[in-house]
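The lines below spell out each chain.
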Amino acid sequence: MSANSADATGTVEVVLVKAGRTKIRYPAGLLADDGTRIAVRAPWAGDTVRDFGFVRFEAGDVFTEYYWRDRWYSVKEVRDKAGGLKGWYCDITRPAVLTGSELVVEDLDLDLWRSADGGDVRRLDEDEFAASGLTESDPRAAAAAVAALDELEERARGDRFTDLLA
C-alpha cells in the first residue's frame, strides 16, 4: 500500500461520479495499492436488484474492483453470495484518483460485460456515450474512452483479460 492511500482501517470510500454528479458512494475494503492499480472489495452497493437480462446484480453479490491511475477503465469481478463467479463488469472511466481514503472515479458511460466462461462479451451503453456530448466537449477524453473499450473488448475475447487482475 502506498503512503496516504487509505485510512488506518484499510477501507476506502468509492465515489462514482457521472456527468459531474456523485452517482453512488460506498465503503470498500482496500485489498492492494501498488501505486498504479488499486484493488478493493465490497458487497453490491445498489439498493435494488439490477437485472441486465444477461446477469443480475443483487444482495449478497461481492465485487472485487480494480482501478488504475493510468488507465481509462475499471474492472469489477462479480461473485454471487456462494462465491460463484458471475463475470466481469468493466466501466470506462477517467483514471482513478485516490486522495486520503476517498477513491474517485468518473464514469464515461461506456461499459463492457464478460461472462464467467468468456463466451459472452458485450459492449454496453454506446448510445448513452453518444448522447453524453463528450465527443464534442472533450474530444481527447472521448477518444481515450473508445480506445479503452476497444482494448478491453480485445482482451475479453482473447486470453489476456485475467492478466489485468493478476
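This structure is a prediction, so every number in the text was calculated from the model and none was measured.

Trainee: Can you walk me through the environment of Val 62 in this structure?
Mentor: Looking at where Val 62 falls in the secondary structure, it is placed in strand S6 (residues 62-68). C-alpha of Val 62 to C-alpha of Glu 128: the two residues are 66 residues apart in sequence and 26 Å apart in space. If sequence neighbours within four positions are ignored, Val 62 has contacts with Arg 41, Ala 42, Pro 43, Glu 77, Val 78 and Arg 79.

Trainee: Please clarify how the environment of Ser 132 should be interpreted in this entry.
Mentor: In this fold, Ser 132 is placed in helix H1 (residues 126-132). Along the sequence, Ser 132 and Ala 19 sit 113 residues apart, while their C-alpha atoms lie 8.2 Å from each other. At 3.3 Å, the side chain of Ser 132 and the backbone nitrogen of Leu 134 are in polar contact.

Trainee: What exactly am I supposed to notice about unusual backbone geometry here?
Mentor: Both trends apply: most residues other than glycine have a negative phi, and most peptide bonds are in trans. In this model, Ala 19 sits at a positive phi of 55°, which is unusual for a non-glycine residue. Relative to the helices and strands, Ala 19 is located in the loop between strand S1 (11-18) and strand S2 (21-33). Assessed through its relative accessible area of 70%, Ala 19 is described here as exposed.

Trainee: Can you help me understand the pattern of salt bridges in this one?
Mentor: When the charged atoms of two side chains with opposite charge come close together, those side chains can pair. Within this structure, the stated rule accounts for 19 salt bridges. The partner of Arg 157 in a salt bridge is Glu 153, with the nearest N and O atoms 3.1 Å apart. Remark: Glu 153 and Arg 157 occur in helix H3 (residues 139-157); sequence separation between them is four residues, near one turn of the helix. Residue class for Arg 157 comes out exposed when judged on its relative accessible area of 55%. Within the structure, one salt-bridge network assembled from shared partners comprises Asp 51, Arg 56, Glu 58, Asp 61 and Lys 86.

How each quantity is defined
- Residues numbered from 1 in each chain as written.
- Predicted model: local features only at pLDDT ≥ 70, side-chain atom pairs only at ≥ 80, totals over all residues.
- Heavy atoms only, no water.
- Helix = DSSP H or I, 4+ residues; strand = E, 2+ residues; numbered from the N terminus.
- Contact = heavy atoms within 4.5 Å.
- Polar contact = N/O pair within 3.5 Å; in protein donor to acceptor, adjacent residues only side chain to side chain.
- Buried < 20%, exposed > 50% of the residue type's maximum accessible area, 1.4 Å probe, protein only.
- Salt bridge = Lys/Arg side-chain N within 4 Å of Asp/Glu carboxyl O.

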